[in-house]
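Each chain is listed here by its residues.
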Amino acid sequence: MDFAKIDKKWQAAWADSEIFQANIDPKKKKFFTSIIIPYVNGNIHIGHSFTYTRIDAYARFKRMQGFNTLLAEGFHATGEPILGAIERLKKNDQSQIETLKMYGATDTDLENFKKEGPEFAARFWMEKIIESSKLMGFSVDWRRKFVTAIDPAFNRFIEWQYNTLRKKGYVIQGTHPVIWCPHDQSPTGDHDRLEGEGESPTEFILLKFQIGDRIVPCATLRPETIYGVTNLWINPNAEYVKAQVGKETWIISKEAVEKFKDQLRDITITGSVSVKELIGKYARNPLTDAEIIILPGDFVDAATATGVVMSVPAHAPYDYVALEELKKNTLMLKKYGIGIADVKKIEPISVIKVDGFGEHPAVDISEKMGIKSASETDKLDEATSQLYKKEYHTGVTREIAGKFSGKKVSEIKDALTDDFVKRNSADKMWDPSNIVVCRCTNRCHVKILENQWFLKFSDKDWKEKVKRCIAQMKFYPEGSRMQFLNTVDWLDDKACARKSGLGTRLPWDKEWIVETLSDSVIYMAYYTIAGIINADKISAENLTDEVFDYVFLGKGELKQVAKNSGIDEKTIEAMKEEFEYFYPVDMRNSAKELVQNHLTYALFHHVAIWDNPKYWPKSYGINGFVTVSGEKMAKSKGNIIPLKELVAQHGADLVRINIATSNENMDDADWREDSLKTFSSRLKFLEAVVDDFKKAERQTTNALDIYMTSVMQESVKGATENYEVMKFRSGAQYSMFQLLNEMRHYIDRCGGIEHCNRTVLGACLSTALKLIAPFTSHISEELWSRLGNKDFIAVSKWPEFDKSRIDAKVVELENIFKKTHEDINNILKLAGKKKNAYLYFVTDKEVEYFEESATYLKHLFGFEKLVVHKASDKNKYDPQNKSPKAKYGKPAIYLE
């Protein structure tokens, strides 16, 4: 089977016939979906394959079910990704050069990126992604494509979106903490990050330890643990400074100073501090007055919070393991003049009682997980996550917490914080919830931004409207619904604009640019009219808010809108008809990491723009990530493989079915090359049967034909029901495995293809090809055509389940036959070859069925004689009295 040749043949045929171009057809129900919009800073790779192939398979499934299906795809250039890549190219960043070359760029292309700029790069990668998408067989209507931030008409659409939101009071100006890139001098949204997607500004408590009259502030999210602090950690390789903060002198890392300035604090550096001045010194705990030692810790990140960390080894696995390591590191202790005895005497101090753990939970979990070194970060992260959740939800403070003892940990944070702040024992600062790195490669921090534009996601009425939308939607899997509801609950006001990068400028405040996640939430509506805008080359200047109001919201008078905009009435009305026919979105499918941002934001924007629920999204599909042979994808592992390369190696259909059926629900997909052999062998079996189908001549019908027809219906039912809810792995068990296994069994039982019923075998082949066509799109077309069909299987009618064609009794009898076959085989394995076989059944109907099949078993096992008896027959041959062992569904067997 020449996969490459077959791919090329049918991709050309689809393009020539334009079968994936969806136009208004009032006689047909529509189905509208789109591929999640890819960034144009590289080509699509194996990491995209699961999400993209799933939605294409679903679109193909719906198309065959008779829906007028529109699958659209656009391209995302908004934000920092392209500019960041070009900037790194100009710096001769070898990692960036290697990455872009891996995706298919030549040295000449890279020079053009630097010379021609971001629009050239965006359109270059758009064409590469389109090429890869076509090679994968994605059934996209390419007439509707666009590039955000680059296409002026789309920018005009975003201006209308934000003007509408502002009029309705959903865009506000205020002062809020944001993730900030100090290099770009701009807020950094999720999709403008190299690292830290999903991380958000988090308010930390600063506990004020003291060395004389100087403050050493330590950031924590768990103020109750101050009662269990045994020491402080600083990084011996970092730079620390003295800084005047109000009337106090603080010792903090140099990196922390800029963060405090960006958080509107009055702070001035007054001098530097040598780490040797700090390590080995003692600081006073502001709550317990205990004197605790300052110790060296290479693991301390000076760019996180204040660069000083308080150590709570009873409740923090990292602290416990680091402390135990340091106790053994005499060279380090001697280097800083620390008394070995002073460190060895440090013992954990328990603050929290928690079920399932002893006095020192961090010690327990570290020992249980076998953690010996601070370098075992994956294990330590897992231990920390498990323990913190357990302590937070079920922990109770011990007597050491004074007036806060006996309290649930989950309930006392605010009271503790307020008390500590009133006593001037604590302060506050903002920091990202974890490390965030901008696309420009610079580390981000939190800035309190004044006069910033925000989406008012905190609005309770808006949240309730989104919840109503969620209530009427379908979610695949259903379990993801609660994740969306939880996200709606905790979501707060979000910065919607930045001052650098590519994008649409806010129409009323041109110094701000709509950020990455804020212009990618209702672009699905733009697909409905993009085909007309592209074909008629409608100018952005003509696409006034008045036009969009008429098309999308039904506002205004057509004649007046046409007159004011300069677009003729027919064109405006055509755009409105496209929108009204194809909207709303019937399915959005994406990976689970987008639940907390893009997918939820899209619901907020839809219910804000459209008051009528009929325009709100109908369903969401959520899937897991992609691993390669069980490993996370990483450039260092060499397992980020462009889809174009995978197709070249294996053919589109093996790539499609291997990835799309590798998992379901929100479990991660795992690309495994060894699975390709299984799918390849099954496709070759189908090809062989199709090519030999002409040999099938029998017209008469027997029980085997009835059985094959019955199990074919069961496969149709199982595959269809699972595909409907995007459970493609389960669905493939029916289409690619059960049905083909039964076909193989049927052909074998009939004695070869030439003895099969032509009508039944033909129906099996047609059904099998249709059931796998959403995945093996090219091969299914090829074999469909070899069967003599003139139409495309891609638009053929999906098999309908017909319960009346299932003969349950015949299915039961054939399954008994299969089990009997297996039992005879097992006996022969133990007893060796036998001459004759005798089967004893308890009912006449089984007896009759097996008499018809006796010749098959006789030849299969090489018996000279195979006799079927009713167990109660007094004249039967039964020399070892086996017949009394016969049961319904399980005959007694005697071999001699």
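The structure under discussion appears in the preceding block.
Attention here is on the structure that accompanies the text. All residue numbers refer to position in the chain's written sequence, counted from 1. Local features are withheld for residues below a pLDDT of 70 in this predicted model, meaning they are given only at 70 or higher, and side-chain atom pairs are given and counted only at 80 or more; totals for whole chains, interfaces and linings count all residues. Note that water and hydrogens are dropped before the side-chain values are worked out from all heavy atoms of the structure.

Attention shifts here to the environment of Phe 420. Helix numbers and strand numbers start at the N terminus; a helix is a DSSP run of H or I with at least 4 residues, a strand a run of E with at least 2. Turning to its location among the elements, Phe 420 is positioned in helix α15 (residues 409-422). Spatially, the C-alpha atoms of Phe 420 and Leu 287 are 8.2 Å apart, while their sequence positions differ by 133 residues. Only heavy atoms enter the contact rule, under which two residues are in contact if any of them lie within 4.5 Å. When sequence neighbours within four positions are dropped, the list of residues in contact with Phe 420 reads Leu 207, Pro 223, Ile 226, Tyr 227, Leu 287, Phe 404, Ser 425 and Ala 426.

Quick look at the environment of Val 140 now. Take Val 140: it is sitting in the loop between α6 (118-135) and α7 (152-167). Using a relative accessible area of 5% as the deciding quantity, one classes Val 140 as buried. Residues Val 140 and Gly 556, 416 residues apart in the sequence, show an inter-C-alpha distance of 33 Å. For the exposure calls, accessible area comes from a 1.4 Å probe over protein chains only, and a residue counts as buried if that area is under 20% of its type's maximum, exposed if over 50%, partly exposed in between.

Our next topic: the nonpolar core. Put simply, a nonpolar core is a bunch of buried Ala, Val, Leu, Ile, Met, Phe, Trp, Tyr and Cys residues held in one set by side-chain atoms that sit within 4.5 Å of each other. Membership of the largest hydrophobic core comes to 133 residues, with the highest contact counts inside it found for Val 40, Tyr 58, Phe 113, Leu 686, Met 743, Leu 761 and Phe 850. Excluding residues within four positions of it along the chain, Met 743 makes contact with Phe 685, Leu 686, Val 689, Met 708, Leu 761, Cys 764, Leu 765 and Ala 768. Counting residues in each nonpolar core, the second largest holds 83 residues, with Phe 548, Phe 582, Leu 599 and Ala 602 among its members.

A few words now on the environment of Ile 269. Note that Ile 269 resides in strand β11 (residues 267-273). Considered as a pair, Ile 269 and Ile 412 are 143 residues apart in the sequence and their alpha carbons are 35 Å apart.

On to the pattern of salt bridges, then. Whenever Lys or Arg places a side-chain nitrogen within 4 Å of a carboxyl oxygen from Asp or Glu, that contact is recorded as a salt bridge. This model, assessed by the stated rule, comprises 61 salt bridges. Note that Glu 814 is salt-bridged to Arg 749, the shortest N-O span being 2.9 Å. Separated by 65 residues along the polypeptide, Glu 814 in helix α30 (residues 808-831) and Arg 749 in helix α27 (residues 728-750) bring together distant segments of the chain. Judged by its relative accessible area of 0%, Glu 814 falls in the buried class. Given the relative accessible area of 7%, Arg 749 is considered buried.

Bringing the packing of helix α17 (residues 480-490) against helix α22 (residues 595-609) into the picture now. Between N-to-C directions, angles span 0 to 180 degrees; the directions come from axes that are lines fitted to C-alpha atoms, helices contributing only their stretch in contact. With their axes 10 Å apart at the nearest point, α17 and α22 run at an angle of 80° to one another. By the angle class used here, α17 and α22 are roughly perpendicular. For the pair α17 and α22, contact is made by Gln 483, Phe 484, Thr 487, Val 488 and Trp 490 and by Val 595, Gln 596, Leu 599, Thr 600, Leu 603 and Phe 604, respectively. The residue inventory of the contact of α17 with α22, partitioned by class, reads seven nonpolar, four polar and no charged. We call two directions roughly parallel when the angle between them is under 35 degrees, roughly antiparallel when it is over 145, roughly perpendicular when it lies between 65 and 115, and oblique otherwise. Polar here means any residue other than Ala, Val, Leu, Ile, Met, Phe, Trp, Tyr, Cys and Pro, which are nonpolar, and Asp, Glu, Lys and Arg, which are charged; Gly is therefore polar.

Okay, the sheet that holds strand β27 (residues 626-628) next. Between any two strands, at least two bridges found by DSSP are needed for them to pair. Across the sheet, which stays open at both edges, the three strands sit in the order β28-β27-β29 with mixed pairing between neighbours. Either end of the sheet is taken by a strand with one partner, and the two such strands are β28 (631-632) and β29 (669-671). Bridge count for β27 against β28 is two bridges, and the pairing is antiparallel. Bridging across to β28, Val 628 finds its partner in Glu 631. Across the sheet, helix α2 (residues 46-64) is in contact with β27 and β29; its angle to β27 comes to roughly 135°.

Moving on: empty space enclosed by the protein. Grid points spaced at 1 Å over the protein atoms alone were grouped into cavities, where a 1.4 Å probe fits but cannot get out, and pockets, open sets with protein on both sides within 12 Å along at least five of seven lines, with lining residues defined by an atom within 4 Å of a point. Grid points are joined across faces, edges and corners, and a volume is the space filled by probe spheres set on the points. Tallying each qualifying case throughout the model produces three cavities of 30 Å³ or more. Val 40, Asn 41, Ile 82, Ala 85, Ile 86, Leu 89, Leu 100, Phe 113, Ala 121 and Trp 125 together form the lining of the largest cavity. Elements represented by at least two residues in the lining of the largest cavity include exactly α3 (81-90) and α6. Per-element accounting of the lining of the largest cavity gives the leading share, four residues, to α3. Residues of the lining of the largest cavity, tallied by class, amount to nine nonpolar, one polar and no charged.

Remember, this is a structural readout, not a statement about activity or role.
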